[in-house]
Amino acid sequence: EHAAVEAEAAAEAPANEEPAAAAAAATANGEVAGEEEATAEDGEGLIELAEGETLPVVDEAGNTLGTLHADGRVLDDEGQEIGMLDEEGNVVLFEQQAAEEPQLSAAEEEAEQLMRQAAVAWNVQHNKDAAEKFQRKALEAVTAKPGLARPEIIAEVASSLADMLYASDKLVDAKGALQVALDAAEAGGQHALFIKLSNNMGAVLRKQELHEEGRQLHQKAMDIAMQHFGVAHATTTLARGNLVDALDQLGDRDAARQLLTESIEAVKKVADDKEAEEVAKGLKPGSEEATAAAAAAAKQASTP
């Protein structure tokens, strides 16, 4: 979720070549000063440096910001770490990363502080009552009126309160807190979060033996998962499992069995289609190249 500065690299110039003709640098906008650009067509990182080798990191104007080292760290002239190379081969500069992250509102900051106090009370002091009070205050801080906090923050605060309440066997209150979280996730278009929270709500509803309510919730989660993630996605698998369990709790095992059968067939079709696509592209099914291509396609398809 963090913003990264794209970077590419080229081999360092031999000593007898003109710097302007063969210099290479990782830059803030993906441009490379040099012609021998390293690529990631083989699925590996964009930047690979031998031990002891370095590469300058520059901005769009060509100003040197720091030096990329073989261990993935970006250091400034004083040797201070100012960035790093991420798993996708991008240079991440800490200052830019922090600047691009959304600032917390006053209500969100208050909630964050209260949640820290709640965590200390719960985990360190083992004072569940105090922890619950802090967490309730945190939820009040972000829900006192509309617009105080982002939906995902409200969902996080509410679901944390629900976890505490569930652990204390306060099921009615836990259900209420989870409903706040679900509503916030849905309002904010946080589809994966909604499905995760529906899993938690399902546990509460099972304990309360509210099986029909659970079925309706899990059917909604399943519909969202199919629409935004597809039949073979892990998030859809979670939603499907919850729906099957809800149907089983209601005694409708035929419907549960039919759902599983249809899902297995749909997932198999996705796998067969993917294999046929790999063959059409000249890739050997199951090869590293095919796996890398499938992973990239799955990542793109799973982005809401």
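Cut-off values and rules
Residues numbered from 1 in each chain as written. Predicted model: local features only at pLDDT ≥ 70, side-chain atom pairs only at ≥ 80, totals over all residues. Heavy atoms only, no water. Helix = DSSP H or I, 4+ residues; strand = E, 2+ residues; numbered from the N terminus. Buried < 20%, exposed > 50% of the residue type's maximum accessible area, 1.4 Å probe, protein only. Core = buried A, V, L, I, M, F, W, Y, C linked by side-chain atoms within 4.5 Å. Contact = heavy atoms within 4.5 Å. Axes fitted to C-alpha atoms, helices over the stretch in contact; angles between N-to-C directions. Parallel < 35°, antiparallel > 145°, perpendicular 65-115°, else oblique. Left-handed = near helix turned anticlockwise from the far one by under 90°. Pairing = 2+ DSSP bridges. Nonpolar A, V, L, I, M, F, W, Y, C, P; charged D, E, K, R; others polar. Salt bridge = Lys/Arg side-chain N within 4 Å of Asp/Glu carboxyl O.

Student: Quick question: what am I supposed to make of unusual backbone geometry here?
Tutor: With glycine set apart, most residues show a phi of negative sign, and most peptide bonds adopt trans. The residue D169 is not glycine, and still its phi comes out positive at about 65°. Take D169: it is sitting in the loop between helix 5 (151-167) and helix 6 (171-187). Classification of D169 by relative accessible area gives exposed; the value is 51%. In the Ramachandran plot, E209 falls in the positive-phi region, its phi being about 60° despite a non-glycine side chain.

Student: Got a minute to help me understand the nonpolar core in this structure?
Tutor: Nonpolar side chains in soluble globular proteins generally cluster together in the buried interior. Ranked by size, the top nonpolar core spans 40 residues in total, and within it V142, V157, F194, I195 and L197 carry the most contacts. When contributions to this core are tallied by element, the ones reaching two or more residues are helix 3 (106-124), helix 4 (128-143), helix 5, helix 6, helix 7 (191-207), helix 8 (211-228), helix 9 (234-249) and helix 10 (253-280). Sequence-distant contacts of V157, defined by excluding residues within four places in its chain, comprise A111, M115, Q135, A138, L139 and V142. Residues L49, V57, L68 and V91 belong to the second largest nonpolar core, which totals seven residues.

Student: Any chance you could explain the packing of helix 5 against helix 6 here in plain terms?
Tutor: It is at 8 Å that the axes of helix 5 and helix 6 come closest, and there the two elements cross at 165°. With respect to each other, helix 5 and helix 6 are oriented roughly antiparallel. Judged by the sense of rotation from one axis to the other, the crossing of helix 5 with helix 6 is left-handed. Note on element contacts: helix 6 touches helix 5 through L171, D173, A174, A177, L178, V180, A181, A184 and A185, opposite P151, I154, A155, A158, S159, L161, A162, L165 and Y166.

Student: Is there a simple way to explain the pairing of strand 5 (residues 81-85) in this structure?
Tutor: Regular strands place their side chains on alternate faces of the sheet. Pairing of strand 4 (residues 73-75) with strand 5, which is carried by three bridges, proceeds in the antiparallel orientation. Looking across to strand 5, one finds that V74 is bridged to G83. Remark: five residues form the turn of the hairpin made by strand 4 and strand 5, two consecutive strands paired antiparallel; G79 in that turn has positive phi of roughly 85°. Where strand 5 meets strand 6 (residues 91-93), three bridges bridge the pair, whose relative direction is antiparallel. Looking at strand 6, one finds that L85 is bridged to V91.

Student: Looking at this structure, how should I read the packing of helix 7 against helix 9?
Tutor: Packed helices, taken two at a time, are described by the angle their axes make and the gap between the axes. Between helix 7 and helix 9, the least distance of the axes is 10 Å, while the angle of their chain directions is 25°. Our classification of the angle between helix 7 and helix 9 gives roughly parallel. Note that helix 7 runs across helix 9; the crossing there is left-handed. Contacts between helix 7 and helix 9 pair A192, I195, K196, N199 and R206 from the former with T235, L238, A239, N242, D245 and Q249 from the latter. Residues belonging to the contact of helix 7 with helix 9 are distributed by class as follows: four nonpolar, four polar and three charged.

Student: Looking at this structure, how should I read the pattern of salt bridges?
Tutor: Pairing is possible between side chains that carry opposite charge, provided their charged atoms lie close to one another. In this structure the tally under the stated criterion is 14 salt bridges. The salt bridge involving E213 is made with K175; its shortest N-O contact spans 3.0 Å. Pair noted here: E213 is in helix 8 and K175 is in helix 6, with a separation of 38 residues, a long-range link.

Note that all results are geometric; they support no functional claim without further evidence.
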